[in-house]
Structures are given as structure tokens and as C-alpha cells.
Amino acid sequence: MGSNDWSCGVLLLVFVVVVCEGTSSDQVVGLGFVETRGTEFVIEGTTFLFNGFNSYWMMDVAAQPNQSYKISNVFRETTAAGLTVCRTWAFSDGSGELHLQTSPGVYNEHVFQALDFVISEARRYRVRLILSLVNNYQDYGGRPQYVKWAKSAGVPIKSDDDFYTNAVLKTYYKNHVKKVLTRINTITGIAYKDDATIMAWELMNEPRCQVDYSGNTINGWVEEMANYVKSIDNKHLVEVGMEGFYGDSMASRKQYNPNGYQVGTDFITNNLVKAIDFATIHAYPESWLSGQDENSQMAFLVRWLEIHWTDSRTILKRPLIFSEFGKSKKDPGYSESGRNKFLSIVYEKIYNLARIGGISGGLVWQIMGQGMESYYDGYEIVLSQNPSTANIVSQQSKKMKALQHNLTDPHA
């Protein structure tokens, strides 16, 4: 090898080393972990505000033949609209071909590689992910599937709520947590627990418990599981996955629950667990208050957001995300202009509260791509097909980005 060839070889070696390091260290590409500081999110010490979205279906679609392009399309469209956080499922429990966990501790590698693809595409488009680890409902398995597995193994089970207290069921869940967190992405080579693309782990989508409405049973489970997650992964944030219903810890707050509902969670105590880093709320007034008119439902939503924002700032002293909200096409009298008005009101409220501090963004339910009619639930937004809605979403993204700049630059 001549001197020039030798020099080129050294440069090539250096390049290869840098690229290889980039697959195991987020510092190379400047992708810092999302952390909390008081009631705000920060990345490398800088305030992080966002506009985001839900797309629960990503792993499921990516696992289907010749369908993974839809994940890329959605990330491309949402990035163009300024959306920087996505919430999606890291679970799918059952015996079908597209299930991730086919029996306790047994996994479908093809589906796991589909989740690898989702994370790698999010990384490519620099979208942060909130990954939910199990469902409260039977969709994609969830608590009911775990209970079925335990019953089939001869474990005495009284109800699905034993999920929170039964030792075998808790072990099933912990094994899934460990499997996901320690998974090494087959595309990027990065373990999930080391990947800053992931913003947070969500313990469960909308936990509920019918045998104990106080919130105490779920509180014990949250404390155990949040600490278990942190014992494996101390780099990522952890949140419960709550809708925001109040329990028994503050009786005066139960008046804010729609129609006085209690679902077994306690927004205060569950989010005060030390290993929980931020709070979430969901709101579906058209479902929760189906007998009331649109103005009453909207007034409830604003009040629901305000009281949780207040409690997050003054009691929890942790950030808040409005992590599910939307307008369904199945509602009587639905119109796209009505949905746009709904989103505009919600976005304006989030922005105004973010200016004061304590809420960092919202995640609309939900964004889909073209050709996904079989996944439609009434709330679907296809940005490329709904330009007026896409414009409202984009404007909110621009406002949140500008606000973040103003908060981080004292001279702005």
C-alpha cells in the first residue's frame, strides 16, 4: 500500500469507527435522552416542548407483508407537520401470526423485527417514542390475555383485576418488560434501553381496576412495576398511562371525574410514586358525557385539562402530557370543520398553559396513513387527505416550537 493509499485507509478506518460508534451511542448523532426538570421536559438541559400524535398500530402494520412503507409515510408526513413525539404499542399478546408475545415469555421474532423497524424509522425522522407495554383492554391481548394464560397454567384467578396482585401474572408482566427493554434492535444495533429515540415507557394503556376504586391496588402495582423498569433502565422516563381519573386520596377532586366515575386509579397518588416521572391525561367527553351537548362536553374537557395541569404543577411537581384527545367521525353531527374547531380549542389551551409552564405538549388520537381503512376507529386523521386539519396541526407545531425557542433563548 502506497503512502496515499495508507492515508486513505486510515481515514476509512476512522470513518468506520465513527459510524460503528454511532450505532451504539446517541452522542455521535446528537440525540440526547429526554429528562425532566421540575415540571418541564429537557434534552441536554434545554427545555423540550412538542406537538405529537398517537399511532398505536405501527408494529402491527410493519409486521404485515409489504406494508412497512406505511410507517415511513406516516413519519414523513408527521415530520413535515412538525410532530416530534409519537405514542405507540410495544405489546401484542395472543396466538396469532401478528402477535408479538405468543405465550408467556415466547416471542415472534418477525413481529419483534417489525418493532425494530418502527423504532429505527422514528430515529431516522428524529421522532421521539412513548412505548406502551401492555393494554388494559382485550385489544391486542392485554390484561385479559395474561389472565387466560395464567388460567391455562392452572393458576387460580378470580378476575382480570388479579393482574395487579397475583404473583404469577406480575411475573409474566415483568418478563415482558425485561424482554422489551433489553431487546437489541436488529437494524440499529442499539438496545432499546440505550436508545434515546425512546422518550418514555408507559406501564399500561389506561389502567383500570373494578375491585378497588380507591386507587390503592393500582398504586401498589405502579410502585412495583415502575421501580422494576428503573432497575433495568435508568436512562428513560416512566409514566403510568393514566386517563386522569381521581381516586380517594383527595375527596374534593372526585367532583371533576365525569359523572362521578371512579375507575380504580388515583391521579394524585399513582403519579406521586417516586419512579414515575410525569403525568398523563386522556379525554373523550363525547363518550364519557354522551348525553350532554357539545358546549357542555367542551367545557368539561377544558376544566379536565386545567385541574390536572394545576395538580401537576402544585402537588405532583412533574410535567403533564395531554396524551389522548380527538373528535370521532362516528359522533352525531360530525363534520371536518367541527373537528378542526375542536382541535383548535384544545391546541390553544395547551399552548396557553405551556406558556405558564407545567404542560409540555399534546398527542392527538390518532394519525394514520393512506390505505389503512381496516384500522379506522372514527378518530383517524390522514394528513395527506385532510389538508385543513393538517394545517391546524402544523400551526400548533410551529407555535410550540417558537415557544420552546422563546423559553430557552433569553434574548428572543
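Residues numbered from 1 in each chain as written. Predicted model: local features only at pLDDT ≥ 70, side-chain atom pairs only at ≥ 80, totals over all residues. Heavy atoms only, no water.

J.: Explain the packing of helix H3 (residues 69-80) against helix H4 (residues 109-124) residue by residue, including any values.
T.: H4 packs onto H3 with a crossing angle of 25° between their chain directions and a minimal axis gap of 10 Å. Accordingly, the angle class assigned to the pair H3 and H4 is roughly parallel. Crossing handedness for the pair H3 and H4: right-handed. Along the contact surface, H3 presents Ile71, Ser72 and Phe75, while H4 presents Phe117, Val118, Glu121, Ala122 and Arg124. (Axes fitted to C-alpha atoms, helices over the stretch in contact; angles between N-to-C directions. Helix = DSSP H or I, 4+ residues; strand = E, 2+ residues; numbered from the N terminus. Parallel < 35°, antiparallel > 145°, perpendicular 65-115°, else oblique. Left-handed = near helix turned anticlockwise from the far one by under 90°. Contact = heavy atoms within 4.5 Å.)

J.: Please provide a residue-by-residue account of the side chain of Asn219, values included.
T.: Locating Asn219 in the fold gives a position in helix H7 (residues 216-232). With residues up to four places along the chain from it excluded, the contact list for Asn219 reads Thr269, Asn270 and Val273.

J.: Can you lay out the layout of surface pockets for me, pointing to particular residues and giving the numbers?
T.: Volume-wise, the largest pocket comes out at about 480 Å³. Taken together, 19 residues make up the lining of the largest pocket; nearest its centre are Tyr137, Glu206, Glu324, Trp365 and Asp377. Looking at side-chain class alone, the lining of the largest pocket contains nine nonpolar, four polar and six charged residues. Here the second largest pocket is characterised by a volume of approximately 400 Å³. Residue lining of the second largest pocket: 19 residues in total, with Ile43, Phe48, Leu49, Thr84 and Gln404 positioned closest to the centre. Breaking the lining of the second largest pocket down by element, the ones donating at least two residues are strand E3 (46-47) and helix H12 (387-408). The element contributing the most residues to the lining of the second largest pocket is H12, with four residues. Of the residues contributing to the lining of the second largest pocket, the split by class is six nonpolar, nine polar and four charged. (1 Å grid on protein atoms, 1.4 Å probe; cavity = no way out; pocket = protein on both sides within 12 Å on 5 of 7 lines; lining within 4 Å. Points joined across faces, edges and corners; volume = space filled by probe spheres on them. Nonpolar A, V, L, I, M, F, W, Y, C, P; charged D, E, K, R; others polar.)

J.: Which residues make up empty space enclosed by the protein, and what are the values?
T.: Applying the stated criterion across every chain yields a total of one cavity of 30 Å³ or more. Size it by volume and the largest cavity reaches roughly 60 Å³. Lining the largest cavity are Pro285, Glu286, Glu294, Gln297, Met298, Lys327 and Phe342. Secondary-structure elements contributing two or more residues to the lining of the largest cavity are helix H9 (285-288) and helix H10 (294-316). Sorting elements by how many residues they give to the lining of the largest cavity places H10 first, with three residues.

J.: Which residues make up unusual backbone geometry, and what values go with them?
T.: Residue Gln366 follows Trp365 across a cis peptide bond; omega there is -5°. Summarising the element assignment, Gln366 is placed in the loop between strand E13 (359-365) and H12. A positive phi angle, close to 55°, is found at Asn259, a residue other than glycine. With respect to the helices and strands, Asn259 occurs in the loop between strand E10 (237-239) and helix H8 (267-272).

J.: Before we move on, could you go through the pattern of salt bridges and cite the residues and values that matter?
T.: Opposite charge on two side chains makes pairing possible when the charged atoms of those side chains draw close. Here the structure, examined in full by the defined rule, presents 18 salt bridges. The residue Glu224 makes a salt bridge to Lys174 at a minimum N-O spacing of 2.8 Å. Placement of the pair is Glu224 in helix H7 and Lys174 in helix H6 (residues 167-181), with a sequence separation of 50 residues. According to the relative accessible area criterion, Glu224 is partly exposed, its value standing at 28%. A salt bridge links Lys193 to Asp194, with the nearest nitrogen and oxygen atoms 3.7 Å apart. Its relative accessible area of 25% is what places Lys193 among the partly exposed residues. (Salt bridge = Lys/Arg side-chain N within 4 Å of Asp/Glu carboxyl O. Buried < 20%, exposed > 50% of the residue type's maximum accessible area, 1.4 Å probe, protein only.)

J.: Any chance you could break down helix H11 (residues 336-356) for me, citing the residues and the numbers?
T.: In a regular helix each residue adds 1.5 Å, so 21 residues correspond to 30 Å; H11 covers 31 Å between its end C-alpha atoms and thus fits that length. All of the buried residues in H11 are Gly338, Arg339, Asn340, Phe342, Leu343, Val346, Tyr347, Ile350, Tyr351, Leu353 and Ala354. On its buried face, H11 sits against H10, strand E12 (320-325), E13 and H12. Just past H11, the residue Gly357 takes up positive phi, approximately 115°. (Expected span 1.5 Å × (residues − 1).)

J.: Describe H7, listing the residues and the values that go with them.
T.: In this model H7 runs 25 Å from its N-terminal to its C-terminal C-alpha over 17 residues, within 8% of the 24 Å that 1.5 Å per residue would give. Within the span of H7, buried status applies to Ile218, Asn219, Trp221, Val222, Met225, Ala226 and Val229. Viewed end-on, H7 has its buried residues packed into an arc of 160°, placing them on one side of the element. Opposite the packed face of H7, turned more than 90 degrees from it, sit the exposed residues Asn216 and Ser231. Structurally, H7 contributes buried residues whose contacts are with H6, strand E9 (198-202), E10 and H8. (Arc of directions from axis to C-beta.)

J.: Help me get a handle on the sheet that holds E10, residues and values and all.
T.: Here we have eight strands laid out as an open sheet, ordered E10-E9-E8-E5-E4-E13-E12-E11, and parallel in their pairing. The sheet terminates laterally at E10 and strand E11 (279-283), the two strands that pair on one side only. Each neighbouring strand pair of the sheet contributes to a mean axis angle of 25°, computed without reference to strand direction. Taken together, the five bridges between E11 and E12 define a ladder with parallel strand orientation. (Pairing = 2+ DSSP bridges.)

J.: Talk me through the pairing of strand E5 (residues 85-89); I want residue IDs and the actual numbers.
T.: Counting buried residues in E5 gives five out of five residues, a clear majority hidden from the surface. Neither face of E5 is exposed, since Val85, Arg87 and Trp89 on one face and Cys86 and Thr88 on the opposite face are all buried. Here E5 pairs with strand E8 (residues 128-132) via five bridges, running parallel. Across the sheet, the residue bridging to Cys86 is Leu129, located in E8.

J.: Describe the packing of aromatic side chains, with residues and values.
T.: In this description, a pair of aromatic rings is defined by centroid distance and the angle of the planes. For the structure shown, the criterion picks out 27 aromatic pairs. Ring centres of Tyr146 and Phe163 lie 5.5 Å apart, and the angle between their planes is 90°; on these two criteria the pair is classed as edge-to-face. Of this pair, Tyr146 sits in helix H5 (residues 142-152) while Phe163 sits in the loop between H5 and H6, placing them 17 residues apart in sequence. Assigned by exposure class, Tyr146 and Phe163 land together as buried. When the centroid spacing of 5.7 Å and the interplanar angle of 90° are considered together, the rings of Phe163 and Tyr164 count as edge-to-face. Of the two residues, Phe163 and Tyr164, both sit in the buried class. One aromatic cluster is present, built from ring pairs that chain together Tyr146, Trp149, Phe163, Tyr164, Tyr173 and Trp221. (Phe/Tyr/Trp six-rings, centres within 6.5 Å; stacked < 30°, edge-to-face > 60°.)

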